[in-house]
Each structure stands twice: as C-alpha cells, then as structure tokens.
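Here are the chains, one letter per residue:
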Amino acid sequence: MSERSIGKKKSGGVGQLLIPLVALGILLLFNLIRDPGFYSIGVAVNNSGNKVLTGNIVSIIDSASELAIIAMGMTLVTAACGGQDISVGAVGTIAGSIFVKTLKAFPEVTFGTLLLAILACCAVTILFTSFNGTLVSVFKIQPMIATLILFSCGRSIAYWIVGSATPQVDSPIISAMGMTIPGIPIPTPIFGVVLVGLILAAIFRLTTLRLYTESVGVNQGAARLNGINPVGIKMLSFVILGICVAVAGIIGTSRMGQVSHKTLLIDIEMDAILAVAIGGNNLGGGRFKISGSILGAYIIQMLTTTLLAMRVDPVNIKAYKAIVIIVIVMAGSPVVKQKLTALWHRIRFGGAQAAASKGVN
Amino acid sequence: MSVKQIGKTRREPLTDSQLLMTITIGIFAVMYAAAMIFMGGGFLRTQQFFDLLNDNAALIIISCALTIVMIGGGINISVGGVIGLTVMACALYLNGTGIQDSTLGIVVTFLLALGIGLAFGVLQGFLISYLDIQPFIVTLAGMFLSRGLTTMLSVNPVKVTHEGFLALVKNRLAIPWLGYTAKNGNLIPAKLEIGAIVALVVVVLVYLMLRYMKLGRHIYALGGNQQSALMLGINVKRTRFISYVISGLLSGLAGFVFLMHKPAGNASVAMRSEMDAIAASIIGGTLLTGGVGNVIGTFFGTMILATIQKIIALSPLNESWWQEMANGAMLGLFILLQSVILGNRGKHRKADLQTVQKG
Amino acid sequence: MQDDAVLTMRGICKQFPGTKALNNVDFTLRRGEIHALMGENGAGKSTLIKVLTGVHEKDGGSIHVDGIEGEAHIHSPQDAQNAGISTVYQEITLCPNLTVAENMFIGRTEGQIVHWKDYEKKAAAILNNLGIPARPKQELSSCSLAVQQMVAIARAVDMNCKVLILDEPTSSLDEKEVEMLFGLMRDLKKRGVGIIFVTHFLEQVYAVSDRITVLRNGELVGEYLVQDLPQVELVAKMMGKDLNDMAELEQFGQKSAPGDEMVYEAERLSSSDSRPFNFRIRKGEVNGFTGLLGSGRSESVRAIFGADRVTGGRVKMHGKEVKIAKPHDAMKNGIGYLPEDRKRDGIIADLSVRDNIILAMQVMKGFFKPMRRGEMEQFADEYIKALSIKTASQDTPVGSLSGGNQQKVILARWLLTHPDYLILDEPTRGIDVGTKLEIQKLVLKLAEENMSVTFISSEIEEMLRTCSRLIVMRDRSIVGELTGDELTQAHVMKTIAGGERQ
C-alpha cells in the first residue's frame, strides 16, 4: 500500500455521472446541428383553454416524468437488493385501476375524493411491492424472479379490478393533473418528478438510508453484524418504489384520462432498468446515485423524441434505441475504458514508456 | 474430523438440481393426471400430450437456451425478439424466392434463421463476455433491436405462400399405436409435428452437452463460482461467450420451428415469450444465481406452463387474464417451494457439517 | 538459470494505481525444496504469486520455468497450469456445485467429452492415497472447509506440477490437518516438486521449509537458508526494524489487574449454533476462548453478540438483566464484535474507509440521526491516525486496503463506539507480525482503560501474552478455565486434550 497522506484526493463525485452527461451533451449537440429549431419553446393554448409551454424540450421533460419517477425507486431497490423489480409497469397499471375505481365510486371528482384515491392507490401499490419485497428479503429470492410473478399477472389483476378494458374519468381536476393546471404553463407531471425527487433528497438528508442501503447492498452479512436490519432495509426500498410506482401510475392515468391495462406504462420496467444502468449504477447493488438514474431517464426520452423528430417510424424506434444503449454502456464499461486508455498511452507515450520499462530490466 | 469410510456403494444424496427437477416432474405428473380425471376428454388421448409439444416446440427450445445461460450465471431476454425477427425474415425470404417449390429455398431459409440467431448470439456474447457489460442490459438491447428490425422489415403480417415450405410443414410423424379409434371406427394415429421432434432432439442434445461435454461442465463451473472457475484453468470468457452463442443459435432455430408451426410473420410473434422461457427454467429447477439447473427439468417446466394453458383453454374460464393469473400463481408457488426446500437443505447441511467436525 | 532451479523470476515489477506493488524482485525456486515466501501484508507476496499464476500481468521482468525454452509467458491461470505451476489458495477456489471428482479434473483434461467413470475412479484412488475423507461423487459444498482445501491440494498434486504454490493453506485447518498437510508437502518434496509456501505462522515455516525469501514494501530483502535465519531475525527482516521491538514483545507480560465489577454475565446462553454455556467477564479484564477449530469458541462469542439466533439463557450487563437477540441489542448494551471472517462478515468492501469506520457508531445513533459529513471526516481522520491505517485517503474503498489495514478499520469502527465489552475473534489472523503486535498492545491498553475484552486467537502464545483468563472449549462445551500460573502452553494443551467437562 502506498504511504500517501490522507485525504489528498477525493474520488467519486462527478465520475459516475460523466458518461451519462456526455451522452446527453452529444444528443443535445446533435439536435442543435440537425435542427436549431428543435429547442424553440413556444406558448400555445390547449384544448381546455390553458396556456401551455410547447416545444421538444418541454415535451421531453414532460413525457419522461413517469420513467424518471420509477427510475428513482428502481435505483434504491437495485442498490439494496442487487436486482431489479420488473413488475413496476404491471403494478403501475394496478395503481391506475385503483385510482380510477376509487374516483368512480363517487358521483363527482373533488379534491377530497382525489386525495382519497391517491391514498388508496399508494396503499394498494405498497401492498403489491411489499409482496415482492417479502419474497426478496424474507424468502431470499432473486428480485427478477420474484417480480416475474406480478410481471406476468399484474396487468390481469388491473383488468380484474376495474372489470373493463378502458374505463375513463373525465374531470378538469384529472386533466389538470395529467396535463397542466390552469394558470401554470408548465406540465403538471414535471412537478411530480420534482416532488418525488425532493422527498427522496429529504429522506437521504434526514436519515441514514443511503449508508444503510449501500451497506446492505455491498455486504448484507456484515451490515447485519453492525446492527442494520437487511430485511427491513430491503422492504423499505420496495415500499419507496411502491410510492414511486403509485405516483407514476396516477400521472400516466391522468394524462390519458383513462386506464388501459394493456398499454399504460408499457415496457417501463425495461426503460427504468436502463435508466439506472445508463446513470452509471451497478445493477449488482451497492453504491448508487439517484441523479444518474434521473439523467438516464431523460436521455432515454430525449433519444425517443429525437428519433421521432427525425421522422423515424415510432414502431422502429426500438432498433435505434438499442444501438445507442449499447454505445452508452460500452463507453461506461471498465474493460473498454482500460483498453482505450492503453491505446491512448501507446499513441501518446509509446516510445517513452518502452524505454522506461527497459531501464527497469 | 471424522474420517468417513469411502463407501463405493453408498448412494449420494440428491443434488439441489436433481431434487428440484424431481419435484417438477412430480407436479407435472400430478397435474396431468388430475386433468385426465377431472377434465377427461382430450386429456385421455395421447394426441393431447403431443399437441402440447406441437404448440410449444419453440418455447421448449428457447427455454433450453435460457437454461444454458442461466446455469452459467447469466440471462438472455432477447430470445423472444430473435424468434420474432427470424420468423418475419424467413417469411419474407420464402415469399420472395420466386421458385415456389424449391428445396434449396427452404434450406437457405433454415440457414438464414440460424444465421440471424448466430449473429445475435455472437454480438451479445462478445459484449457480455469480452467487454464485461451486464447481460441484462445487453440482451435487453438485443430485444429492442430484434423487435425494431422486425417492424422495419414489415409492419404488416406476412403470410408464407411458398408452396414447398407449406408442404414441408404439413408433414407429421404419425404413430398409430398411440392413436385412438374415432366414433366412426377409423383409427386416428397420434401425430407429432417436425418442430416438436426438433424440440425433443434439442432437449436431448442440450442435456448431453451439459452433462457429458467439457463445455457443459465449464458452464456449470462458471455459474457455481466464476473466480474459482478461472483459477481452475477454465477459460471463463470463452465459455460464457459460447453459452450466449448457443442460446442465440437456439433462438434462431426456435424461430424456424415457430414458422413451421404457424407459417406467418407479424410484429407480435413470440411477444414476451422470453419471460415464459425464464419461468419454465425456474419451474424446472434452474436458479438465476447460476450453477444449478437441468434441462430435463426445464422441459417439464414448459410442459407445466403448457398444461395450465390447455386446462384453462378447455375450462369455462377461458379468458386471457385468467391465463396470466394462473401462470403467475404457479410461478409463485414454485418459487416459494424452491426457496423453502433449498433453505431447509442449507440448514441440514450446516448441521451435518457440525456433526462431522465434532466427531 | 541455475541447474537445479525449476523457477526463476528476475526483476519483476508491478505497478497498481498509486502503488508500486513489486519493484525489481528476484525469486528462485529449486527442485525438491520447500521455499517460504515471507513478508508483512502489503509486502508484495500475493502480488508476486498472482503475477506468477497469471492473475496479474507483470509490468517488467522475466520468468523462466524449467522445461520451457526462453521466457515463460503467463497471461492466465491456464497458462500457469500448462507451464506446470499449480496454486492452492487460502480461499477455496473450487466450485461448490460440482462433485469432488469433477473439481479435481475440470479444466485440465484432453478432449471434449467428460468421462465420469474415469474421473471417479482416479479421484477415489488419489483421495485414498492422500487419506482425504471425501467421496468422489459428493457435491463439494457438502464437504467441510478443511476437506475442500485438501481436495484443492489433491488436484494440484495430481497435476504433476513442477511448482506448487500454497498460499496460506493452513489458515482454516486444525493442528492434525496441518500435520497431514506437512506430511503431504514433504512427500511431494521427495518427488522433486518445488513448493512455494506462503504463511503467517512462523512456527510452520520453521517446521517444514528449507529456504526463506523475505519481501518488504514490494522489494526483495533477501534469500536465506532456514538454519541461517533465526526466527527473531526473520521477524526483524520482515518488519525492517531492529530487534528492539522484539524486546518490547517480551516485556509484554504486564497485564492489568481486572476490577471487581461484573460487566457481562451469561447463564446457560445458547444459540442455533452453540450449546448452553455460562460466562462472565469483569471490568478491565482480558479473557480468551481457546480450543481447536470447531470447538465452538467462535460460536460462543457469536451467541453473546446475538449474531446467530439466540435460543435460550439469561444475560446481565452491569448486573441488570437485558435481552440480546440480535446484534443491534448487543450494540445498544455496549458490546462490540470483530468477526472471525473479515471479508465475509467484517468489511463492506465497496464503501469508503470513512463509511466503514463510522458505520457502527452511526447505527447506534439511529436511523433518523445521520452524522454530519464534517463529523464523519473528523472521526475517520482521528482513527486513521491513531491506528496508523495505511490508506490513500478516507474515500478509498476499504476493499483495496491490505488485510491488516482492513482489520484496523474494523477495530476503529468498534473503538469509535466506546464499548464496555469488546469481542475480538481472530483479530490477528492473516495479518503481518507488526500489526499483530500492535493489536496485542492495543488490547492491553484498552483493558487498562477499563474496557473488558474477549480475545480469540488460533495462536495460543498470543493469548497467553494478552489474556488473564482462558476459557478452554472442546466439542462445543467449556471444559476448563485457566488463570494465573495455569496460563502456560503446556497446561492449555493438556486441558484442550483431556480436561474435565464443567
């Protein structure tokens, strides 16, 4: 070991975020060159007569909301359990169903019934994610396997709850939640992301959740011997994910004004896991950065919007997305980094280093 | 330490994977017997069982593919997408050949199917093994890519019109003595499709590979403890790479088999079948953590899923959401069962160890 | 290359980010000799071994192996195997899910087909020959650690290797097994195998080795015949210090007299892994649990800390009855516990040194009272200095530290909580002589400051030096308690071997 003095160099920090930041930068730059008008922001009047901001940037940030929220929860579960919950889309649909069902139980949507619906929604999703959490923490089942159960039957449960294909709720309150609040030109879902982000930030500030989660994720045996309850921490991560999923489900449902168990939050589990990975987090658990995952979510949405703006057929977007994903994760791969560094060194200091190693001999 | 006698005749206790497999086969037998008793009719005929094979040949093949990578401690969720892409590409190629009954056209189509699978296998295997990127992400990208390419080829369904292929597909292996006598007195033999035979051959080959080939044992070692495998002189990277190449090849083959069963391509072919394949592997006793699993168990895992499907299709509950619920419940049951059984065994082992140390 | 040399390493260099792990190191192994490779933690032993076995690529220097023309190019463990270099590591490097026979033959057979019958027959013969209590068809995970270790050696032995590297092979073996291993080593030596023996047990070096090479700070100190290098000098060379410190070691016997106040009392305490036992410790007392591996000494202290499921018994702290069912209860009652298996139960490898140090204290403060960053840094700094932990910074992941420094980090973690009663289970295992001494001194100092300490070690001498009372265990029961004049090696041995049950 080196005898270097203590506290000289601070590692970590921006390091993990470098790749996603660069990726986002390249995307931004690409769009700037392709079409400077891409970034124009305008004001328009929507169907309900509200003034709203329009433009690609606004729409990217707006439509990535559900993904960003779920990615935050997913990061915690990933960190604590070393695996991912692939049932978030299905459970989010259940959340939507409960939301609609509760609202429909009353003749009119008021703030009171809305609050009740939100609470009911959170309670039910927490119930479902706790089911996952119990399998993972108590029965020690791999997260992906445990959540495969709800992944395969969650949407059916959602359908069974509402009892019809696409029940609708029509109310200015709901459309305000899904689109814009009269008088505020910024889409409401964005506030949802900010709210969830702030709450999580507050939790990290006021509790030791980060340290505990990382400890459990890295070495749960050691964490237990230091008085941490790994089962509790894992359950907690699933509960927090549950709340995130509930919020995302409510936003998604409000946006559409209906819950469609076949399409609501479809494939969001895959995108959320991607967001976590693009954000530089280790899918095997341990240390994590939620900001990375949020960044990852916006990169994914930015990519989709860019492709759409380039008139790529929406059904083909997946293929392009795949390529960009591979490029990003390759850039983050330590092996690739090592190889590139070696190559760089050979080009730059090739001669000098060879001489130095000869000298040692 | 007590020095236990090295007993030559003593039978070893079942290993984890043998135990889990035995349970799976047992449950399948009980389930099928129950269906015979309570549902009667079709279930009393061999054809019903053969139909399970005929309808699920592609699923059986990709489940084998999944079992291989899962034993090696990996995952591959692109298999369904590769089936979709292969089916679409082959259907378009067959229709485009012009010569409607050429055998060559069919052979080339077959090679095309394997080629697509191989390409995905090699690409994904390279990224996962040599660049050390997380398999879930790589194969997720593979899934996106294959689905995207499928819709690029054609958004609309493509029906195969190639007569030679359609004729080939109609071939059945008829086994008279397993058949039954219809009401009009005719003997109707039990029929097995080519795809089902291919699937069974794949199961046997994969079993032999995993059990008796160096490659197979290296895959187990890799899943058991990667670091140890490396220290034991196993080329870990190459082994992992090959396991993904095989899974890619099998996915391509599954695509061809799928096309033989249903000669038409469309964007939603084999949608989410990767999850069914994972479920089948798990039900068959393969652990996602790697090192434990058996392709025979996987075969019965697929058969369990197929039987549930059949039972529900024949029952008054025939709605897709009942189907999904039943699948979920079955999966949950198996997962819990495995967790409890393995947990208990772990405890016994610990106790065993202590008595050995004591003695 | 010398005539009888099977392995010659010249000018080996290896650089890690921030450290020069090996600097121009030479090493020569001759046919039919047992060559001990000695050095403190971080001296470069492991790195040298890993370069030799292809786990790390060397940055400079050359390796010549007997039977290979010119330089041997070793880039992977496979290359090493092919060159006739086999390794048995401290951690079991076999696959738990395969059978014993398979573990012995996998990765080194010709052809693509596995001949199970062949494997099993050959394995049975080898196991029989070496007297290893395992069945060829048995799954490895069902064998005890010691047997697994032996299977690993059997594998290496069967490979007709020219160079056999034993990296800390005795850490998890009891004395009988160590003797068995030594017999095996001498046998191999006769057959002309060159053996590189890495260990921290000095007695074992002298019991079996012919030659010693000493490394320090990544550099070669020298190569000596065993009869030319007395034990004290070896230690001095390893530590790079004069013999003054060794003198210090002698006057170590100053044990502080414990007070009268009982700190901890347990009555018929039992856990899922230990039988009921009684135990008490006074304020400022250092006691020890001793006994052979598997005698239940670790299980007993785990029961005290609530690390295993507690199944019965009554516990008093400072005379007041308390309930300790899980580690958190023990911590709240002022008990600290440094576990036996540092890697598995101690460190949280990916987290920083700082996080690892403050972890226990933070947990005791509670979930809703996170420490401020400045506070953490201050504590970490203080203990890094106090225990002279060698780390690049507070932010360095603890996993990248050497074993001894990792152990110090865990010690710091518990010292920071200022426990009344500290349990140290094998705190000196697998760490270098210098740190061992530091830890022993620290234990006595803590006792002087009125902390009660339970100190467990496989090395009886160490315990005799530090403990004022020894509890002897056999077959998971306490069979004797030694104090005062009874604290001699002979007495302890006698009690372990044939003491009456309590």
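These numbers were taken from a predicted model, which means no experiment stands behind them.

1. Thoughts on the pairing of strand β13 (residues 310–317) of chain C
All names here are of chain C.
Then comes step 1: Where strand β10 (residues 262–271) meets β13, six bridges bridge the pair, whose relative direction is antiparallel. Looking at β13, one finds that S270 is bridged to G312.
Then comes step 2: Taken together, the three bridges between β13 and strand β14 (residues 320–322) define a ladder with antiparallel strand orientation. Looking at β14, one finds that V315 is bridged to V322.

2. Quick word on the sheet that holds β13 of chain C
Residues and elements named next belong to chain C.
Then comes step 1: A sheet is described by the order of its strands in space; here four strands give the open sequence β11-β10-β13-β14, paired in antiparallel fashion. Sheet topology places β11 (274–282) and β14 at the edges, where each strand pairs with a single neighbour. Here the strands of the sheet are splayed against their neighbours by 15 degrees on average, with no regard to which way each runs.
Then comes step 2: Packing against the sheet, helix α10 (residues 297–305) makes contact with β10, β11 and β13, and its axis sits at approximately 110 degrees to β10.

3. Structural notes on the sheet that holds strand β8 (residues 211–216) of chain C
Residue and element names in this part refer to chain C.
Then comes step 1: The strand order β5-β6-β7-β3-β8-β9 describes an open sheet built from six strands, whose pairing is mixed. Two strands bound the open sheet, and with one partner strand each, they are β5 (85–88) and β9 (219–225). Each adjacent strand pair in this sheet contributes to an overall mean axis angle of 20 degrees, direction not counted.
Then comes step 2: Pairing geometry for strand β3 (residues 34–38) and β8, over four bridges, is parallel. Note on β8: the bridge partner recorded for L37 is T213.

4. Side note on unusual backbone geometry
Then comes step 1: Look at R311 of chain A: it is not a glycine, yet its phi comes out positive at around 65 degrees.
Then comes step 2: The phi dihedral of R268 of chain C is positive, around 45 degrees, even though this residue is not glycine.
Then comes step 3: Residue position: R268 of chain C is located in strand β10.

5. Points about the packing of helix α4 (residues 88–104) of chain A against helix α5 (residues 111–137) of chain A
Residues and elements named next belong to chain A.
Then comes step 1: The N-to-C vectors of α4 and α5 enclose an angle of 150 degrees; their axes lie 8 Å apart at closest approach. When the axes of α4 and α5 are compared, the pair comes out roughly antiparallel. The handedness of the crossing between α4 and α5 is right-handed. Residues V91, I94, A95, I98, F99, T102 and L103 of α4 pack against T113, L116, A117, A120, C121, V124, T125, F128 and T129 of α5.

6. As for the interface of chain A and chain B
Then comes step 1: In this complex, chain A contributes 38 residues to the contact, which on the side of chain B involves 34 residues.
Then comes step 2: Secondary-structure elements contributing two or more residues to the side of chain A that touches chain B are α6 (143–162), α12 (268–278), α14 (317–332) and α15 (334–360) of chain A.
Then comes step 3: Taken together, the residues of the side of chain A that touches chain B break down into 30 nonpolar, five polar and three charged.

7. Here's the deal with helix α1 (residues 18–34) of chain A
All names here are of chain A.
Then comes step 1: Taking 1.5 Å per residue as the helical rise, α1 with its 17 residues ought to reach 24 Å, and the 24 Å between its terminal C-alpha atoms agrees with that figure.
Then comes step 2: Those residues of α1 not exposed but buried are I19, P20, A23 and N31. Across the axial projection of α1, the buried residues extend over an arc of 110 degrees, all falling on one side. Exposed and oriented more than 90 degrees from the buried face of α1 are V22, G25, L29, L32 and I33.

8. Comments concerning the confidence of the model for chain B
Any segment with low pLDDT has predicted coordinates that should not be analysed in fine detail.
Residue and element names in this part refer to chain B.
Then comes step 1: Residue-level pLDDT values for chain B average 88, and 91% of them are 70 or greater.
Then comes step 2: Here residues 1–9 is modelled with pLDDT under 50, and outside its nearest four sequence neighbours on either side it reaches 14 contacts, counting other chains as well.
Then comes step 3: Confidence drops under pLDDT 50 across residues 348–359; counting only partners more than four residues distant or on other chains, this segment forms twelve contacts.

9. Some thoughts on helix α5 (residues 145–158) of chain C
Within an α-helix, residues lying three or four positions from one another point in the same direction, as the helix has 3.6 residues per turn.
Residue and element names in this part refer to chain C.
Then comes step 1: With 14 residues, α5 ought to run about 20 Å at 1.5 Å a step, and its terminal C-alpha atoms sit 20 Å apart, in line with that.
Then comes step 2: Check the buried side of α5 and you find it contacts β5, α3 (100–105), α4 (116–130), β6 (163–167) and α6 (175–190).
Then comes step 3: With its phi angle positive at about 50 degrees, N160 sits one or two positions after the end of α5.

10. Quick notes on the environment of I410 of chain C
All names here are of chain C.
Then comes step 1: Within the secondary structure layout, I410 lies in helix α15 (residues 403–416).
Then comes step 2: Spatially, the C-alpha atoms of I410 and V353 are 9.5 Å apart, while their sequence positions differ by 57 residues.
Then comes step 3: Not counting residues within four places of it along the chain, the set of residues in contact with I410 comprises L338, R342, G346 and I347.

11. Here we look at the environment of L331 of chain B
Then comes step 1: Tracing the backbone shows L331 of chain B in helix α13 (residues 320–358).
Then comes step 2: Along the sequence, L331 of chain B and T86 of chain B sit 245 residues apart, while their C-alpha atoms lie 29 Å from each other.
Then comes step 3: For L331 of chain B, the contacting residues outside a window of four places in its chain are L148, I149 and S152 of chain A together with A279 and I283 of chain B.

12. Thoughts on the pairing of strand β4 (residues 60–65) of chain C
All names here are of chain C.
Then comes step 1: Alternating positions in β4 separate cleanly, G61, I63 and V65 being buried on one face and G60, S62 and H64 remaining unburied on the opposite face.
Then comes step 2: As judged from the five bridges shared by strand β1 (residues 5–16) and β4, these two strands associate in the antiparallel manner. Looking at the pairing, L7 lines up with V65 of β4.

13. Quick notes on the confidence of the model for chain C
Residue and element names in this part refer to chain C.
Then comes step 1: When pLDDT is averaged along chain C, the result is 86, and 93% of the positions lie at 70 or above.
Then comes step 2: At the low end of the mean pLDDT range in chain C sits helix α9 (residues 244–250), at 51; at the high end sits strand β15 (residues 335–338), at 96.
Then comes step 3: Confidence metrics for the complex model read pTM 0.86 and ipTM 0.87.

About the cut-offs
- Sequence positions are assigned chain by chain, starting from 1 and proceeding in written order.
- Note on labels: chains are lettered from A, ligands numbered from 1, in written order.
- Given that this is a predicted model, residues contribute local features only at a pLDDT of at least 70 and side-chain atom pairs are listed and counted only at 80 or more, while totals for whole chains, interfaces and linings are drawn from all residues.
- Two strands pair under a simple rule: DSSP has to find at least two bridges between them.
- Labels follow the DSSP assignment, with helices taken as runs of H or I lasting at least four residues and strands as runs of E lasting at least two, numbered in each case from the N terminus.
- Axes here mean lines fitted to C-alpha atoms, for a helix over just the part in contact, with angles spanning 0 to 180 degrees between N-to-C directions.
- We call two residues in contact when their backbone-placed C-beta atoms lie within 7 Å.
- Each angle receives one of four descriptions, namely roughly parallel if under 35 degrees, roughly antiparallel if over 145, roughly perpendicular if within 65 to 115, and oblique otherwise.
- Handedness of each helix crossing follows the sense of rotation of the near helix against the far helix: counterclockwise by less than a right angle gives left-handed, clockwise gives right-handed.
- Note on residue categories: nonpolar means Ala, Val, Leu, Ile, Met, Phe, Trp, Tyr, Cys or Pro, charged means Asp, Glu, Lys or Arg, and polar means any other residue, Gly included.
- To estimate the expected span of a helix, subtract one from its residue number and multiply by 1.5 Å.
- Neighbour counting defines burial: a residue surrounded by 20 or more other C-beta atoms within 10 Å of its own C-beta is buried, one with 12 or fewer is exposed, and intermediate counts give partly exposed, using backbone-placed C-beta atoms.
- Arc definition: it is the arc formed by the directions from the helix axis to the C-beta atoms.
- For every residue, the predictor states its confidence as a pLDDT score lying anywhere from 0 to 100.

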